[in-house]
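# Fold and geometry: a report
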Amino acid sequence: MEKNLVMNDASKPIHKSPPTTPPAAAAGPLPARVYDLNLPGCREVQLSQEEVEHFKTSGFIVKKGLIDPSELERVVDCVWSAAAELGFPFDRNDPATYTLPKDHGLFPQTEPKSTYHDGAGIPNYFGGTTGGWTWRHYTPCTEDWFLQRTARHANVQAVVQQLIGSNVRPSRRCRGLYVVFPRASDAFPVAGLAPHTDGIASQLNCMIYAADCPPHGGGFTLWPGSHRSCYYHMENEYNMEPKAGYDELLAKIKATVTPVEIAAEAGDCCFWHPRSLHAAGVNTSSHLRIVVPCDFQQDKPTEWRPPYSGFSLRKAKATGKSLSPENSGMKGELRLQWWIDTHEFSAPDSPPRRDMWEDWEI
Ligand SMILES: O=C(O)CCC(=O)C(=O)O
Ligand SMILES: [Fe+2]
């Protein structure tokens, strides 16, 4: 069984059919370079032609100062108050106190992310494959005040609409506050990048930088151009159904494409195509990396439930496993990704188009 496990969505194992040829997965990804382009228009809400071209070719753009950092202060405060509630001895002004959850008995004994909890989710999750270096704090991300400063923010929505059109499903949640702890101490082994693709039907994603993130500060990392090859490797345009050979494709991208790490300031937003290969960056700075990932899709009929991890609903049904939320993530059962706002499209999803931007505004 072990050999049929592949990584998908935040590097949690999922079951897939065995690859036809052995993947060249043994080699790690190439080292990331820090993204340093200032495309014309990057400080405007309006998209420039250069940005549209960059998005189409590379799968992402960075809008600088899209949100006033003062609007994000309350968002960031949630991290510090949650840290206090969890018993972390953090002094905001002293990075030496930003110790790891495992130093406080919170990893790996944490409540598993698989628990569905009637869709409300769990308050916190400490990343497993990253050895407890990542912390996802979920609770505030469905609240109106939070959404108005993030996914529903007028400037964020304006960029979303310029990309996927004005018929955008109203945001009900962000994924969470995604924190990467600093790895300042040589005493701890530094885990590398964990590249993966998300098993979702989003049409556009946005990483909102709630706090400054210097180079090598754990910035969101993306393999440019991978959105295109992964899009064309699906049975369906938006619902996640990879064709055979997907693992080999990802291995090839990892082996040949230099990833870019997005270092950014509070209020900067990285809009990215959801089929892109990506990872949380490695944080060797002394700051907490705090990013709020958001998912967007056009407002068309969707399934009522969040997407299963690694399976479209069609494929999930074919497994014969329980589809009930109560069993989500229970031993051997499928896992609902309750933290994802976008759901699978319920109308039969068409195959990838010859022009992948045909139903976009660009
Ligand atoms: O934290 C990050 O930068 C990446 C998060 C991610 O990959 C995910 O939410 O699926
Ligand atoms: Fe991801």
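Procedures and definitions
Residues numbered from 1 in each chain as written. Chains lettered and ligands numbered in written order. Predicted model: local features only at pLDDT ≥ 70, side-chain atom pairs only at ≥ 80, totals over all residues. Helix = DSSP H or I, 4+ residues; strand = E, 2+ residues; numbered from the N terminus. Buried ≥ 20, exposed ≤ 12 C-beta atoms within 10 Å, placed from the backbone. Contact = placed C-beta atoms within 7 Å. Pairing = 2+ DSSP bridges. Core = buried A, V, L, I, M, F, W, Y, C linked by C-beta atoms within 7 Å. Expected span 1.5 Å × (residues − 1). Bend = angle between axes of the 7 residues up to and from the residue. Axes fitted to C-alpha atoms, helices over the stretch in contact; angles between N-to-C directions. pLDDT = per-residue confidence, 0-100. Arc of directions from axis to C-beta.

If you tally the helices and strands in the protein chain, you get 7 helices and 13 strands. In the protein chain, which comprises 362 residues, the share counted as buried stands at 45%. A sequence separation of at least 24 residues applies to 81% of the contacts in the protein chain between residues at least 6 apart.

The next thing to look at is the pairing of strand S7 (residues 177-180). Here S7 shows no split at all, with Leu-177 and Val-179 on one side and Tyr-178 and Val-180 on the other all buried. One ladder, built from 4 bridges, connects strand S6 (residues 134-137) with S7; its direction is antiparallel. Paired with Arg-136 across the bridge in S7 is Tyr-178.

Quick look at the nonpolar core now. Ile-208, Ala-210, Cys-270 and Phe-271 are the most contacted members of the largest nonpolar core, which has 84 residues in total. The contacts of Phe-271, once residues within four sequence positions are left out, are Phe-60, Ile-61, Lys-63, Val-159, Leu-163, Leu-204 and Cys-206.

What follows is about helix H2 (residues 69-86). Its 18 residues give H2 an end-to-end C-alpha distance of 26 Å, which sits within 8% of 26 Å, the value for a rise of 1.5 Å per residue. At Val-75, H2 shows its maximal bend, which comes to roughly 25 degrees. Tucked into the core, H2 has its buried residues touching S6, helix H3 (144-149), S7 and strand S13 (289-296). The positive-phi residue at the C-terminal boundary of H2 is Gly-87, with phi of around 85 degrees.

Bringing the sheet that holds strand S8 (residues 204-209) into the picture now. The strand order across the open sheet formed by 7 strands is S4-S11-S8-S13-S7-S6-S5, and the pairing between neighbours is antiparallel. Two strands lie at the open edges of the sheet, namely strand S4 (60-63) and strand S5 (124-126), each paired on one side alone. Averaged over all pairs of adjacent strands, the angle between their axes in this sheet comes to 20 degrees, without regard to strand direction. Pairing of S8 with strand S11 (residues 269-272) involves 4 bridges; the strand directions are antiparallel. Paired with Met-207 across the strands is Cys-270, a residue of S11. Packing of helix H4 (residues 154-164) onto the sheet brings it into contact with S4, S8, S11 and S13, and relative to S8 it is tilted by some 155 degrees.

As a further point, take the confidence of the model for the protein chain. Atom-level detail of predicted coordinates should not be read off regions where pLDDT is low. Per-residue pLDDT for the protein chain has a mean of 87; in total, 85% of the residues score no lower than 70. Across residues 1-25, where pLDDT falls below 50, the model places 41 contacts with residues more than four positions away in sequence or in other chains.

For the rest of this paragraph, the subject is unusual backbone geometry. Leaving glycine aside, a negative phi is the common case for residues, and trans is the common case for peptide bonds. Phi angles above zero are rare outside glycine, and His-216 is one such case at about 65 degrees. Relative to the elements of secondary structure, His-216 occurs in the loop between S8 and strand S9 (221-222).

Turning our attention to the sheet that holds strand S12 (residues 278-279). The strand order across the open sheet formed by 4 strands is S3-S10-S9-S12, and the pairing between neighbours is mixed. The open sheet is flanked by strand S3 (33-34) and S12, the only strands paired with a single partner.

Our focus in this paragraph is the pairing of S8. The two faces of a sheet get side chains in turn, since along a regular strand they alternate between them. Burial runs high along S8: 6 of the 6 residues are buried. Going residue by residue along S8, you find Leu-204, Cys-206 and Ile-208 tucked away on one face and Asn-205, Met-207 and Tyr-209 tucked away on the opposite face as well. Pairing of S8 with S13, which is carried by 6 bridges, proceeds in the antiparallel orientation. Counted as the bridge partner of Ile-208 is Val-292 from S13.

As a further point, take helix H1 (residues 49-58). Residues Glu-51, Phe-55 and Ser-58 constitute the buried set of H1. The buried side chains of H1 occupy one side of the element, clustering within an arc of 100 degrees when seen end-on. Across from the buried face of H1, at angles greater than 90 degrees, the exposed residues are Gln-49 and Thr-57. Buried residues along H1 sit in contact with S4. Within two residues after H1, Gly-59 carries a phi angle of roughly 90 degrees, on the positive side.

As for its position among the elements, Arg-183 is in the loop between S7 and S8. Taking the number of C-beta atoms within 10 Å as the measure of exposure, Arg-183 has 21 and is therefore buried. Separated by 34 residues in sequence, Arg-183 and Gly-217 have C-alpha atoms that sit 9.3 Å apart.

As for its placement among the helices and strands, Ala-255 is situated in helix H6 (residues 246-256). Along the sequence, Ala-255 and Leu-30 sit 225 residues apart, while their C-alpha atoms lie 6.6 Å from each other.

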